[in-house]
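Per-entry structural report
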Amino acid sequence: MSINITSQPNVFEFGYSPFYFQLTSTNSTKLDFQFIADVYYGYSAPITYIERFPFPVRPDGFGLFEAGRILENYLINEFTPASSAMTATIYSNPKYLIQFGEQYDSSTVVSAATGVTIYSGLSATTTFEIINAVHQLDDFVGLSARTFDVTTSPTPKFLTNWDLTQPYKIRLGEYMTFGMYKHYASSYTVEVYDSGTTLVSTNNISNGWDSNASKYNIGVGTANLNYGTILNSADTYIVYSSLSTSARSASYSFDIISDCPKYDLIRVAWLNQWGSYDFWSFNLKHRTFITRKNNEWNRHLGYGFAKGDILRKNLNIEVKKKLQVNTDLLETHEAEYISYLFSSPEIYLVNSDGTFIPLNYIPDEKEIKTSSNDRILQYTIDFEYGYDVQSQRS
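One numbering rule holds for all chains: residues counted from 1, following each sequence as written. For a predicted model such as this one, the threshold for reporting local features is a pLDDT of at least 70, and the threshold for listing and counting side-chain atom pairs is 80 or more; totals across whole chains, interfaces and linings nevertheless cover every residue. Each side-chain value is derived from all of the structure's non-hydrogen atoms; neither hydrogens nor water enter the calculation.

A word on the pairing of strand β19 (residues 266-271)
To sort residues, take the accessible area from a 1.4 Å probe on protein chains only and compare it with the maximum for the residue type: under 20% means buried, over 50% means exposed, and anything in between is partly exposed. Going along the chain from the N terminus, every DSSP run of H or I of four or more residues is numbered as a helix, and every run of E of two or more is numbered as a strand. The buried fraction of β19 is high, at 6 of 6 residues. Residues I266, V268 and W270 line one face of β19 and the alternating positions R267, A269 and L271 line the opposite face, and both faces are buried. At least two bridges found by DSSP between two strands are what make those strands a pair. Sheet topology places β19 next to strand β20 (residues 277-282); 6 bridges connect them, and they run antiparallel. Each bridged residue has a counterpart across the sheet, and for W270 the counterpart in β20 is D278. What sits between the antiparallel neighbours β19 and β20 is a turn of 5 residues, in which G275 has the positive phi angle 85°. Looking at chain direction, β19 and strand β23 (residues 347-350) are connected through 4 bridges and run antiparallel. Across the sheet, residue R267 finds its bridge partner in β23, namely V350.

Listed below in structure tokens is the structure:
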């Protein structure tokens, strides 16, 4: 057997986008030839066998194996809005390994075929990994901009769509996390500043660090960081990760605002394309709706009927709860940030105690607002709760 892997994916890849291994074999012209791939995965090490997958040789003589559609079944999104430090998210970042081989009939002609033989001595790849992210076709920047590399990416970003050139406005008691992937840091740093922009404290947060983990949710909201301790007397704070004084990630700044909203705040989080979650508080009027569908049956009007008896009864009812929220007037970068919610497959309503309720975005055609086209940047968004209201059956 002579299997040669001529090209392979990056060591870490988007789990929901195609990625390929390309192979050749000196036996590819044999009768009934096929390549085979034994796929293994694991969250600490790729030791769990999934299945053997045969695939044909192409007319150009190469074999092409796409592993993403297999491995995406083992990706689990991990939403932990109340993380107070580092929460390892290994289930959204599995490792995998593939052993490639071949099978063919050793006969030289069809009439003498004796059956396919699987030839041993599989060629194993090194260990790769994927995360629960998807690569947009119009985005020419891959995961490398989000991971640390001393040469190509010395100041990686967190897994968020927030514009790091702008401060994120956050209120006291609001939860928020950033995703952090392959920053190779055993902690992250929160620098706290007072209203006079004087540095009050520098806090290195390492609780929850796991030597086996590459991907984390880190708490960056005022509720996560406990305003009474880390953020005491804070007006502004900055979050970043660092390996050393000369190797650190991009810095994200937060401005603590103390407005008095007229309406109850609705805080929503959504899964972004990087496999982490972004957050926003909708501070204008919100409305809750109930929709109901009756499944009825008619009782026979028989002997003994009395006034007050129910004849048309609800066999069961289907009740759904809907939520409509409104943004305040938005700046351009805020409107762009929120626009990613419209394509998110997973959305949550985040309660003030850190618990959460799943929401479904109600499909519609939503115009992406931009300052060049629109004088007013504002959104009205409709959600449906991710569960039906429960009721008795009559």
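On we go from here.
Examining the packing of aromatic side chains
Between the rings of Phe, Tyr and Trp (Trp by its six-membered ring), a pair exists once the centres lie within 6.5 Å; its type follows the angle of the planes, with under 30 degrees stacked, over 60 edge-to-face, and the other angles tilted. Applying the stated rule across the entire model yields 41 aromatic pairs. Each ring, one from Y40 and one from Y49, has its centre 5.2 Å from the other, and the planes form 55°; the classification is tilted. Given the relative accessible area of 41%, Y49 is considered partly exposed. Ring geometry for F55 and F65: centres 5.1 Å apart, planes at 35°, overall tilted. Residue F55 is located in strand β5 (residues 48-55), and its partner F65 is located in strand β6 (residues 63-66); the two are separated by 10 residues in the primary sequence. In this structure F55 comes out as buried when scored by relative accessible area, which is 6%.

Quick look at the sheet that holds strand β15 (residues 215-219)
Strand order across the open sheet formed by 3 strands is β7-β15-β12, with antiparallel pairing between neighbours. Every other strand in the sheet has two partners, leaving β7 (86-88) and β12 (177-181) as the edge strands with one partner each. The average undirected angle you get between the axes of adjacent strands in this sheet is 30°. Interaxial angles span 0 to 180 degrees and are taken between N-to-C directions of axes, which are lines fitted to C-alpha atoms, for helices over the stretch in contact.

Looking at the nonpolar core
Within the largest apolar cluster, 57 residues are counted, with the highest numbers of intra-cluster contacts made by I218, Y237, F254, I381 and F383. One finds F19, L23, Y96 and F100 within the second-largest nonpolar core, a separate group that totals 24 residues. Each nonpolar core is a collection of buried residues, namely Ala, Val, Leu, Ile, Met, Phe, Trp, Tyr and Cys, held together in the definition by side-chain atoms within 4.5 Å.

Concerning the sheet that holds strand β3 (residues 20-25)
The strand order across the open sheet built from 3 strands is β1-β3-β6, with neighbouring strands paired in antiparallel fashion. Edge positions in the sheet fall to β1 (3-7) and β6, since each of these pairs with one other strand and no more. The average undirected angle you get between the axes of adjacent strands in this sheet is 35°. Summarising the sheet, β3 and β6 pair through 4 bridges and their orientation is antiparallel. Residue L23 lies in a different strand from β6, and its bridge partner there is G63.

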